[in-house]
Amino acid sequence: MKKKKTNAKITKAKMTKAKKIKKKTKKLQYPKIITFACNWCSYAGADLAGVSRFQYPPSLRLIRVMCAGRITPTFILDALTDGADGVIVSGCHFEDCHYISGSRKAEKVVETTRKLMHLLGMDGRRLRFELISAAEGQKFATVAREFTEEITNLKKEKHGKK
Amino acid sequence: MAKNSIDEIIKKTNSYLCIDCGECTGSCPVSRVNVNYSPRLNVEKMVLGYFDEIKKDENIWSCLVCGLCSKRCPSDVKYDEFIKLSRKEIRKHNEKLNYSHNRIIQKSMEIMTQGNTQKRTEWIGKELKVSKKGKFLYFTGCLPYFEVIFEYLNIHPLETAGNAVKILNKLGIEPVVNNSEVCCGRDLLFNGDEENFLKLAKINTKMLKESGAEKVVFTCPECLETLKEIYPEYLGKTDVEFIHITQLVEEAVKKGKLELDSSSIKKFTYQDPCILGRGLGLYDEPRNIIKSIPETELLPIERERENSICCGPSAWVSCTNYTKRIQHVRLGQAEKTGAEVLITACPKCYIHFSCALSGDDEDYKIKLMDITTLIAETMKSKKKHTDSHRLEG
């Protein structure tokens with residue numbers, strides 16, 4: 001019994017701390033966007049955006065994959081059901097894919113996923129497919145900015161409806 | 001692993017009655033191609049208390065749940081039930097499953113359990129008559145999802161659904177196609193995920209109650225068996241009648257309500273879906289329908305009726321080289337009959353066989369067709385006939 005009580009205390013303390021932090025950051029709430037970036041182009045593009053100090057909102061969570069062709073519909077749906085507000089799949093330009101046809105494969109996967117999302121009653125606008133090369137740091141930043149804005153608008157729309 | 005649950009599995013499945021005769025392993029289609037898999041050994045291990053060995057063995061996931069062993073077992077050991085319960089137990093410890101299609105089908109089902117409003121009735125065109133409330137309900141199952149997921153095979157599973165509604169319209173029935181129906185959950189149950197299965201089952205029974213349907217028509221035998229026989233085990237009995245579309249059509253043909261015209265294809269052979277045949281005992285209905293088409297021949301395939309072989313993988317797990325081998329054996333048998341078209345009555349058989357046909361491994365002349373497509377096509381020509389009569393009149 002004693003152990004339980006102490007546990008409860010600790011969790012209460014944690015809760016209050018978390019609430020305080022939440023209150024502080026309430027004004028700066030950004031949507032959570034999972035970004036699958038391919039190792040050869042998009043990840044390097046994101047790197048360039050950072051090195052060149054292009055400003056973009058901190059809403060992206062980058063996941064590096066060797067090729068955008070590795071992404072399956074399940075990855076995207078898992079991300080969306082586990083709490084992400086949006087997903088970006090980004091690969092090399094079609095001609096420059098390191099694995100020849102990976103980007104095209106990714107495009108197809110995104111299309112099927114969008115159809116599935118439509119069937120399942122989810123908003124297809126939460127998913128985005130982008131082609132970003134290693135030299136396009138600026139493009140990465142603009143995509144991040146645009147998509148964050150779009151997702152926040154979608155969220156507002158949804159809450160407004162409710 | 002609690003000892004109680006082992007005892008429960010042994011009791012529920014009659015495993016203690018096993019006389020070690022090996023009939024199951026001898027007839028198992030998987031054991032023929034995969035030497036490491038043996039139903040007899042699995043039952044023996046369970047009875048002797050070596051459950052840990054079954055747990056580590058990946059082959060427990062390669063069972064097709066085709067029911068051939070349970071049908072032939074002289075001691076009445078229910079191996080399907082055995083697989084279902086032991087997979088449920090194994091899943092508690094180990095979730096590393098060899099999912100096929102990147103788990104997308106299971107994932108879609110999991111999303112369906114959350115109760116989002118789906119858009120699964122968009123395939124219904126203007127030419128199809130559907131009512132909002134009525135006594136008849138058509139259960140689409142996973143067909144709209146298959147249409148998207150199996151696009152790369154160049155097949156259209158939704159044609160089956162469209163044709164089913166066409167046939168029902170021809171019979172003077174305007175079925176309800178409900179948007180709030182979800183997948184039956186059978187695949188989740190046989191993946192050992194009972195929790196999500198129950199959620200889906202509850203949504204579906206609620207949907208049936210609210211729609212006020214008295215008769216539910218299916219094109220998928222697996223959905224039919226699940227709603228008819230597995231749901232009552234968990235949620236209690238209902239008064240609703242569940243039938244397969246072949247039952248309905250056969251009755252109509254017998255009574256003369258529906259006449260089938262001759263088709264351009266003359267030689268058919270028929271694949272018994274495991275669940276429709278061994279599970280529900282509907283062997284003659286589809287055969288009678290094919291026979292009632294004039295000028296056609298139904299050629300007997302090697303190993304038919306109770307002895308038919310499964311189309312390959314089941315419950316969307318462990319699609320391996322072994323399953324491909326089984327499919328090629330079956331397609332080879334179908335080719336041998338000299339038929340032009342292999343008819344199946346299950347959308348899953350259709351998908352699995354068209355996957356095997358699309359590969360470069362072997363060349364086949366035989367083509368695939370779903371039985372609803374066959375009925376709708378032979379029926380269609382009849383309709384044109386009447387139309388021309390009307391014009392003349």
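Residues numbered from 1 in each chain as written. Chains lettered and ligands numbered in written order. Predicted model: local features only at pLDDT ≥ 70, side-chain atom pairs only at ≥ 80, totals over all residues. Heavy atoms only, no water.

1. Notes on the overall build of chain A
Right, so step 1: Scanning chain A for helices and strands turns up five helices and four strands.
Right, so step 2: Counting helices and strands in the order they occur from the N terminus, chain A gives α-β-α-β-α-β-α-β-α.
Right, so step 3: Taken over 162 residues, chain A has a buried fraction of 42%.
Right, so step 4: With an accessible surface of roughly 10300 Å², chain A has 56% of that area assigned to carbon and sulfur atoms. (Helix = DSSP H or I, 4+ residues; strand = E, 2+ residues; numbered from the N terminus. Buried < 20%, exposed > 50% of the residue type's maximum accessible area, 1.4 Å probe, protein only. Areas by Shrake-Rupley, 256 points an atom, 1.4 Å probe, with all protein chains shown as cover.)

2. Things to note about the overall build of chain B
Right, so step 1: Looking only at helices and strands, chain B has 19 helices and seven strands in total.
Right, so step 2: Compactness check: chain B gives a C-alpha radius of gyration of 21 Å against a globular reference of 21 Å for 393 residues, within 12% of the reference.
Right, so step 3: For chain B, the spread of C-alpha atoms along the three principal axes comes to 80 × 50 × 35 Å.
Right, so step 4: Scored against the burial criterion, the 393 residues of chain B give a buried share of 57%.
Right, so step 5: Intrachain contacts of chain B at a sequence separation of at least 6 include 79% that bridge at least 24 residues. (Rg over C-alpha atoms; globule rule 2.2 N^0.38 Å. Contact = heavy atoms within 4.5 Å.)

3. A few points about a nonpolar patch on the surface
Residues and elements named next belong to chain A.
Right, so step 1: A contiguous nonpolar patch, built from W40, M66 and Y99 and spanning about 310 Å² of accessible area, is present on the exposed surface.
Right, so step 2: With respect to the helices and strands, M66 occurs in the loop between β2 (60–65) and α3 (73–81).
Right, so step 3: Relative accessible area serves as the criterion here: at 48%, M66 is assigned to the partly exposed category. (Patch = residues over 30% accessible without salt bridge, like charges linked within 9 Å, V, L, I, M, F, W, Y side chains within 5 Å. Salt bridge = Lys/Arg side-chain N within 4 Å of Asp/Glu carboxyl O.)

4. Looking at the environment of G192(B)
Residue and element names in this part refer to chain B.
Right, so step 1: Within the element layout of this structure, G192 appears in the loop between α11 (186–189) and α12 (194–211).
Right, so step 2: Here the alpha-carbon distance between G192 and R87, two residues 105 residues apart in the chain, equals 4.9 Å.
Right, so step 3: Excluding its chain neighbours within four sequence positions, the residues that come into contact with G192 are R87, K88 and R91.

5. Focus: the interface of chain A and chain B
Right, so step 1: Taken residue by residue, the interface counts 14 residues in chain A and 19 residues in chain B.
Right, so step 2: Across the chain A/chain B interface, buried area totals approximately 1500 Å², and carbon plus sulfur atoms make up 63% of it.
Right, so step 3: It is T74(A), L119(A) and L120(A) in chain A that bury the most area against chain B; as a group they hold 40% of the surface buried on that side.
Right, so step 4: Residue R103(B) is joined to D78(A) by a salt bridge in which the shortest nitrogen-to-oxygen separation is 2.7 Å.
Right, so step 5: There are seven residue pairs in polar contact (both at pLDDT 80 or more) connecting chain A and chain B.
Right, so step 6: Within the residue set of the side of chain A that touches chain B, elements represented by two or more residues are α3 and α4 (102–120) of chain A.
Right, so step 7: Considering every element that reaches the side of chain A that touches chain B, the biggest residue donor is α4(A), with six residues.
Right, so step 8: Class assignment of the residues belonging to the side of chain A that touches chain B gives a composition of six nonpolar, six polar and two charged. (Buried area = accessible area lost by both parts, 1.4 Å probe. Polar contact = N/O pair within 3.5 Å; in protein donor to acceptor, adjacent residues only side chain to side chain. Nonpolar A, V, L, I, M, F, W, Y, C, P; charged D, E, K, R; others polar.)

6. Quick look at α3(A)
Right, so step 1: For α3(A), the full list of buried residues reads P73(A), T74(A), I76(A), L77(A), A79(A) and L80(A).
Right, so step 2: Structurally, α3(A) contributes buried residues whose contacts are with β1 (33–38), β3 (86–91), α4 and β4 (127–131) of chain A together with α8 (104–112) of chain B.
Right, so step 3: Taken from the residues just after α3(A), G83(A) is the one with a positive phi, measuring 120°.

7. Regarding the sheet that holds β3(A)
Residue and element names in this part refer to chain A.
Right, so step 1: Read from one edge of the open sheet, four strands run β2-β1-β3-β4, paired in parallel fashion. The open sheet is flanked by β2 and β4, the only strands paired with a single partner. With direction set aside, neighbouring strand axes in the sheet form an average angle of 20°.
Right, so step 2: In the sheet, β1 pairs with β3 via five bridges, with the strands oriented parallel. Residue pairing in the sheet places F36 in a bridge with V89 of β3.
Right, so step 3: Contacts between α3 and the sheet are confined to β1, β3 and β4, with β3 contributing the most and set at about 150° to the helix. (Pairing = 2+ DSSP bridges. Axes fitted to C-alpha atoms, helices over the stretch in contact; angles between N-to-C directions.)

8. Observations regarding unusual backbone geometry
All names here are of chain B.
Right, so step 1: In this model, V65 sits at a positive phi of 50°, which is unusual for a non-glycine residue.
Right, so step 2: Among the structural elements, V65 can be located in the loop between α5 (51–56) and α6 (68–72).
Right, so step 3: Its relative accessible area of 5% is what places V65 among the buried residues.
Right, so step 4: Its identity is not glycine, yet A315 carries a phi of approximately 55°, on the positive side.
Right, so step 5: Positionally, A315 belongs in the loop between β5 (297–299) and α17 (321–336).
Right, so step 6: Look at A315 and you get buried, because its relative accessible area is 7%.

9. Section: the packing of aromatic side chains
Right, so step 1: The final tally for this structure, using the stated rule, is 11 aromatic pairs over all chains.
Right, so step 2: Through pairs of rings, three or more aromatic residues link up here, namely F146(B), F150(B), Y152(B) and W316(B).
Right, so step 3: Of note, R64(A) hangs over the ring of Y43(A), and the distance from its end group to the ring centre comes to 5.2 Å.
Right, so step 4: For the cation-ring pair, R103(B) lies above Y99(B), with the distance from its terminal atom to the ring centre recorded as 6.0 Å. (Phe/Tyr/Trp six-rings, centres within 6.5 Å; stacked < 30°, edge-to-face > 60°. Lys NZ or Arg CZ within 6 Å of the ring centre and 35° of its normal.)

10. A word on the pairing of β2(A)
Right, so step 1: Bridge count for β1(A) against β2(A) is six bridges, and the pairing is parallel. Bridge assignment links T35(A) to a residue of β2(A), and that residue is L62(A).

11. Let's talk about the sheet that holds strand β7 (residues 367–370) of chain B
Residue and element names in this part refer to chain B.
Right, so step 1: Strand order in the open sheet formed by four strands is β5-β4-β6-β7, and the pairing between neighbours is parallel. Two strands close off the open sheet at either side, each with one partner strand: β5 and β7. In this sheet, adjacent strand axes meet at a mean angle of 35° when their direction is disregarded.
Right, so step 2: Sitting on the sheet, helix α16 (residues 284–291) touches β4 (267–271), β5 and β6 (341–344), and the angle it makes with β4 is about 170°.
Right, so step 3: Against the sheet, helix α18 (residues 347–358) contacts β4, β6 and β7, and its axis sits at roughly 165° relative to β7.

12. Thoughts on the pairing of β6(B)
Residues and elements named next belong to chain B.
Right, so step 1: Side chains V341 and I343 project from β6 onto one buried face, and the interleaved L342 and T344 project onto a second face that is buried too.
Right, so step 2: Of the strand pairs in this sheet, β4 and β6 are connected by four bridges, and their pairing is parallel. Residue pairing in the sheet places Q271 in a bridge with T344 of β6.
Right, so step 3: In the sheet, β6 pairs with β7 via four bridges, with the strands oriented parallel. When the sheet's bridge partners are listed, I343 is paired in β7 with M369.
Right, so step 4: Regarding the hand of the β-α-β motif, the stretch spanning β6, α18 and β7 is right-handed. (Right-handed = clockwise from strand over helix to strand, strands pointing away.)

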